Amino acid sequence: MLRRKVLVIITDTICTRLSHPSSTLGVQCRLFSSSLNKMVATHENSKVISRTYKNVQKSENDDRKYKGLILSNGLKILLISDPNTDKAAAALDVNVGYASDPSDLPGLAHFCEHMLFLGTKKYPNEDEYHKYINQHGGSCNAYTSTDHTNYYFDVGHEHLKGALDRFSQFFIDPLFDVCCSDREVNAVHSEHEKNIMSDAWRLQMLDKTTCDQSHVFSKFGTGNKETLDSLPKQKGLNVRDELLKFHEKFYSSNIMGLSMIGRESLDELTEIAMDLFSSVVNKDVKVPVYQESPYRKEDMEKRCNSVPVKDIRNLIVTFPIPDLQEYYDSNPGSYLGHLIGHEGPGSLLSELKNQGWVNSLVAGQKGGSRGFDFFLIQVDLTETGIYHVEDIIQIMFQYIKLLKSVGHQDWIHHEIRDISAISFRFKDKEKPSSYVSKVSQALHYFPLDKVLSAGNILTGSRPDVVQDILERLNADNMKVDVVAKAFDGSADLSEKWYGTKYALVPITNETKEKWNNVELNDKLRLPEPNEFIPSSLSQKLVPESNPELPKLIKMDNFSKVWFKQDSTFNLPKATISVDFYSPYAYVDPHHYNMVHLFVDLFVDALNEYSYAAEIAGLGFKLSNTVYGMCLTIDGYEDKQMVLLEKILTRLTNFTIDPQRFTILKELYQRALQNFHADQPYNHSAYYCQVLRSEVVWTKTKLYEALPELTLESVSEFIPTFLSYLHFESLMHGNLTKKDASNITSFIEKTLKENTLTLPLLPSQLVRYRDIELPPKSAYVYKYHHEVRDNSAIQLYLQVGLQNTRDNCLLDLTSQMISEPFFNILRTKEQLGYVVHCSVTRSNSTQGIRFIVQSEKSPNYLEARIEAFINHVETMFSEMDESEFNRHKAALKARRLEKPKKLKAQTLKYWGEILSQQYMFERDQIEMSYLDNVEKEDVVTFYKDFLHINGGKRAKLSTYIIGKSNVECPVVINVEEHNKAIDDCLLKCPQLPASHIIEDVSRFKQKMSLYPRCEPYIDLAGATL
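Here the structure is a predicted model, which is why all the values come from computation and not from measurement.

Okay, the overall build of the chain next. When its secondary structure is counted, the chain shows 32 helices and 28 strands. Against the globule reference of 31 Å for 1024 residues, the chain gives a C-alpha radius of gyration of 31 Å, in line with a compact fold. Along the three orthogonal principal directions, the C-alpha set of the chain runs to about 95 × 75 × 75 Å. Each of the 1024 residues in the chain was classed as buried or not, and the buried ones make up 57%. In the chain, once contacts between residues fewer than 6 apart in sequence are set aside, the share between residues at least 24 apart is 82%. Accessible area of the chain: about 42,400 Å², with a carbon and sulfur share of 50%.

Printed below as a string of structure tokens:
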């Protein structure tokens, strides 16, 4: 660097002395200077960069520019230049995870991930990174897995370098401050506590517990206070010292992958990357390869029966296989996953469903680590299926034998190859932070010039590898796990970290021999060629007069149809969204249950047909709503009409299968029951919504109405439900107005001819409203959680009816206080892992919510939230104009960020249609208003709606009381609370008395209702 600096100074001096810049000699001098500087820069770059990849294989429709670099310190980088991106983003993946935790410090890699965010030598303030990202319209996160730790962020495109400067220091000179260290152990512990009653986490750890305990796969990766505090202290270990050793040992540039996207040119991004990351130290770390499987012979001789928290039933069959990463250009694991996991006629799932034993099936590779992998087959068991586990496994092996007998099918591989190639060719742009996060990890596995196409462009096939995997799918090489409440009485073992009850039951040699020697099953067969692979991928001609926003092409008493031909994304894709409104949908809990089961039964019955469309890139979704049901078809436009015709013809002539009725009703019943085991913070949001909404049939009421739900009642109800309908739809994408009109005509014709459907009266098209909380009111609703020890609160402050002014002020207030709320209550006070502040809107109303989940009681949490809200007044008074303007710019950048996918744009339009506000340019309109908002406007808004003495303040708190808390009084002695807390914590103001809601119905009867917002546009003038 010194050499370059000296040369630049010399050339500048020469230019100054030779002549005035306008002279010929001056021009020659400048050319000489520029040329010399480029030579110097090139020379210096050659020292920093060891290799450059300029021809990165990408999708032919991808207009971004790419360049790959390997720095001299071994850091692999993919640079992405996108002049149109609204957000810049970056991610760095370290090829080390909890597999590298010291055996006596489980969770250390995860703890390191937490600590890196909290200050560096260059930027010592612990909230500097989060604050910078938040104030410049961004977000950030990280995760730790077996052998990866991935850090990523996005930010307003103008601020990439500033964000990267702070981000890069994590990997150069982190502080690991001792004060932060003690606090962040609590954050890791809170994260573990949040997951401790989650079946997904429990079953993952149980899998690790029932394998070779000397294998790295068995490690407890999350960590908690015991592993990172109490046990190390007992052993005389200083966790911070061990953390420093871990970072020093493993955080090496040669096992890091960096990806960044920005508006800058590739040359500019190169300079940024070199300047900020070339000083990351290369410690020449070797990424370990684990050739041995974690499953030993003795681990696979016993079946593991475990007891879940929720009432779920699963059978999981796992076969250890070698690492298949090197075969990315043929993807043999995907070939077998495609066949074993197929859901069409003659498939494994089809036969198991016909037997009445399973509801769903997934199959494919399950990520292991370098050197080992797994092939997994997992099914959701029915009530009967739990007693036929051995029979189910036998049919699995019959299908595997079929695959062995027919050998590798070239036509199937070609079909998979073609679908994958089409998908890659017309790949949607992803959210920048998600994109770079994924790419930064892929850099460890694929050549830099193929890092985008690897696994997507299949250039060959490997029948020999497919056959090798098939040979490994045998009864002597598999681990069997069964999950069900039925094992509650027989489970005699307990997993250490989550407390999962389980039992190990020997699998007899006779059973294994039976599975290994199955006969072919004539009900099983290979899938038919996929008729839904698009044959036309052309773009339809867009007229010059194409409107920029959706327009009405039909509006009468039967339907309201919106249409927008895409001219932005230019893909052969489209979305058809249809909202069917029925006056019978939400009359009472029984009617809601009938619609729900009708939809479930129909989707289940159509699955064998629609699955082929789904894997070919054409999906459909049918779901029930409080107003009826909503149908969405999206993907490649070419065969959409074929799928729509099948759906509506079958829907209007639907006959219920009695066996599937019994099975799906039981599945729905369990889903309602399982709600009681959800996270407390989810319950707090749910009950707040229940209290605010005019009409809500709770999960409890729906469950209590299930005895009325019979085969006969639903069969009789379907024609009634379809007899009176109104639908509103949106056709968006690669469609013409004529296409949309034809689709609409087909929907109406099918309904009228097949079910004699009649339109509704305008007075029947009524939408539900929200209650209006009185000014200066405070209400509390308490719910005791039956499963989880943690408590939660949602403190909701209602602002009222949505309008442009209040929408802007509410969003800006949230932008300004959300990061400090997180920093104070989570990072500093360590109340819990879930600490969240955001705007919430429903039924034309809006408000701001503060959510905390914690070991602390809800009344304590409410006091801490109120202390923060009171502190906001000081924050605002101390905030200077430049910081305020940064928040405005951040909000504007976030709101004006363009959708990356056609589907995302459709969802924005569809949200306006469902709300019946039709403000299709909402972001532009509201952000234009934001330009004129002053700080004083926000202060006044805060004092009116948020401050404890605000004249318009209306509060509704939902307490979710953990089962370890016997009681939780609403009234808290503020004086005692303030004395009990540390002097450094914010003091809680005196709180007004709260009214306890004992009877929800009576509470709502006393309240007025807000009106619905009027449409923003004149519908009569919105026609095309």
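Moving on from the coordinates now.
Our next topic: the sheet that holds strand β24 (residues 834–842). Pairing within the open sheet is mixed, and its six strands lie in the order β24-β25-β23-β26-β22-β27. Here the strands that pair on one side only, and so sit at the sheet edges, are β24 and β27 (995–996). Helix-sheet contacts for helix α21 (residues 680–692) involve β22 (777–784), β23 (791–801), β24, β25 (845–854) and β26 (954–961), and the interaxial angle to β26 is about 140°.

If you check which residues of helix α17 (residues 509–516) are buried, you get Thr511, Lys512 and Trp515. The buried side chains of α17 occupy one side of the element, clustering within an arc of 100° when seen end-on. In α17, the exposed positions that point more than 90 degrees away from the buried face belong to Asn509, Glu510 and Glu513. Close packing links the buried residues of α17 with α13 (389–406).

In this section: the side chain of Arg953. Of note, Arg953 is situated in the loop between α30 (935–945) and β26. The buried category is assigned to Arg953, whose relative accessible area is 5%. In this structure the side chain of Arg953 is engaged in a polar contact, spanning 2.7 Å, whose partner is the side chain of Glu866.

It is worth spelling out the environment of Ile960 at this point. Note on placement: Ile960 falls in strand β26. For Ile960, a relative accessible area of 0% corresponds to the buried category. Sequence separation between Ile960 and Ile793 is 167 residues, and the spatial gap between their C-alpha atoms is 6.1 Å. Sequence-distant contacts of Ile960, that is, excluding residues within four places in its chain, are made with Pro680, His683, Ser684, Tyr687, Tyr783, His785, Ser791, Ala792 and Pro858.

This part takes up a negative patch on the surface. On the surface, Asp880, Glu881, Glu934, Glu936 and Asp937 cluster together into a negatively charged patch. With respect to the helices and strands, Asp880 occurs in the loop between α26 (858–878) and α27 (881–895).

The packing of two helices is summarised by the inter-axis angle and the distance between the axes. At a minimum axis distance of 8 Å, the contact between helix α4 (residues 128–135) and α27 shows a crossing angle of 65°. Where α4 abuts α27, its residues Lys131, Asn134 and Gln135 lie against Glu883, Arg886, His887, Ala890 and Arg894.

The tally for this structure, following the rule as stated, stands at 60 salt bridges. A salt bridge links Lys900 to Glu897; the shortest N-O distance between them is 2.9 Å. Just as Lys900 is buried, Glu897 falls in that class too. In this structure, Lys908 and Asp923 form a salt bridge, with 2.6 Å as the shortest nitrogen-oxygen distance. Highlighted residues: Lys908 in helix α28 (residues 902–915) and Asp923 in helix α29 (residues 922–930), separated in sequence by 15 residues.

So, on to the packing of aromatic side chains. Throughout the structure, instances matching the rule amount to 50 aromatic pairs. Where Tyr779 meets Phe1003, the ring centres are 5.1 Å apart and the plane angle is 70°; that geometry is what we call edge-to-face. One end of the pair, Tyr779, is in strand β22; the other, Phe1003, is in helix α32 (residues 1000–1005), and 224 residues separate them in sequence. Take Tyr779 and Phe1003: they sit in the same class, and that class is buried. Chaining the aromatic ring pairs together yields one cluster made of Phe117, Tyr129, Tyr151, Phe153, Phe167, Phe170, Phe171 and Tyr251. Over the ring of Tyr609 we find Lys646; its NZ or CZ atom is 4.9 Å from the centre of that ring. When the ring centre of Tyr627 is taken as reference, the NZ or CZ atom of Arg767 above it lies at 4.3 Å.

The subject of this paragraph is the pairing of strand β4 (residues 87–94). Where a strand is regular, its side chains alternate between the two sheet faces. Extensive coverage of β4 is indicated by the burial of eight of its eight residues. Burial along β4 is two-sided: the residues Lys87, Ala89, Ala91 and Asp93 and Ala88, Ala90, Leu92 and Val94 are all buried. Alignment of β4 against strand β6 (residues 149–156), held across eight bridges, turns out to be antiparallel. Residue pairing in the sheet places Ala90 in a bridge with Phe153 of β6.

One open sheet accounts for six strands, arranged β15-β16-β20-β17-β19-β18; its pairing is mixed. Edge positions in the sheet fall to β15 (551–555) and β18 (618–625), since each of these pairs with one other strand and no more. Averaged over all neighbouring strand pairs, the angle between strand axes comes to 15°, with direction disregarded. The pairing of strand β17 (residues 573–581) with strand β20 (residues 726–733) spans eight bridges and is antiparallel. Across the sheet, Val578 pairs through a bridge with Ser729, a residue of β20. Along the sheet, helix α18 (residues 589–615) makes contact with β18 and β19 (628–636), crossing β18 at roughly 175°. Those strands touched by α28 are β16 (559–565), β17, β19 and β20, and its axis lies near 155° from that of β20.

Basis of the calculations
- Residues numbered from 1 in each chain as written.
- Predicted model: local features only at pLDDT ≥ 70, side-chain atom pairs only at ≥ 80, totals over all residues.
- Heavy atoms only, no water.
- Helix = DSSP H or I, 4+ residues; strand = E, 2+ residues; numbered from the N terminus.
- Rg over C-alpha atoms; globule rule 2.2 N^0.38 Å.
- Buried < 20%, exposed > 50% of the residue type's maximum accessible area, 1.4 Å probe, protein only.
- Contact = heavy atoms within 4.5 Å.
- Areas by Shrake-Rupley, 256 points an atom, 1.4 Å probe, with all protein chains shown as cover.
- Pairing = 2+ DSSP bridges.
- Axes fitted to C-alpha atoms, helices over the stretch in contact; angles between N-to-C directions.
- Arc of directions from axis to C-beta.
- Polar contact = N/O pair within 3.5 Å; in protein donor to acceptor, adjacent residues only side chain to side chain.
- Patch = residues over 30% accessible without salt bridge, like charges linked within 9 Å, V, L, I, M, F, W, Y side chains within 5 Å.
- Salt bridge = Lys/Arg side-chain N within 4 Å of Asp/Glu carboxyl O.
- Lys, Arg positive; Asp, Glu negative; His and termini not counted.
- Charge placed at Lys NZ, Arg CZ, Asp CG, Glu CD.
- Phe/Tyr/Trp six-rings, centres within 6.5 Å; stacked < 30°, edge-to-face > 60°.
- Lys NZ or Arg CZ within 6 Å of the ring centre and 35° of its normal.

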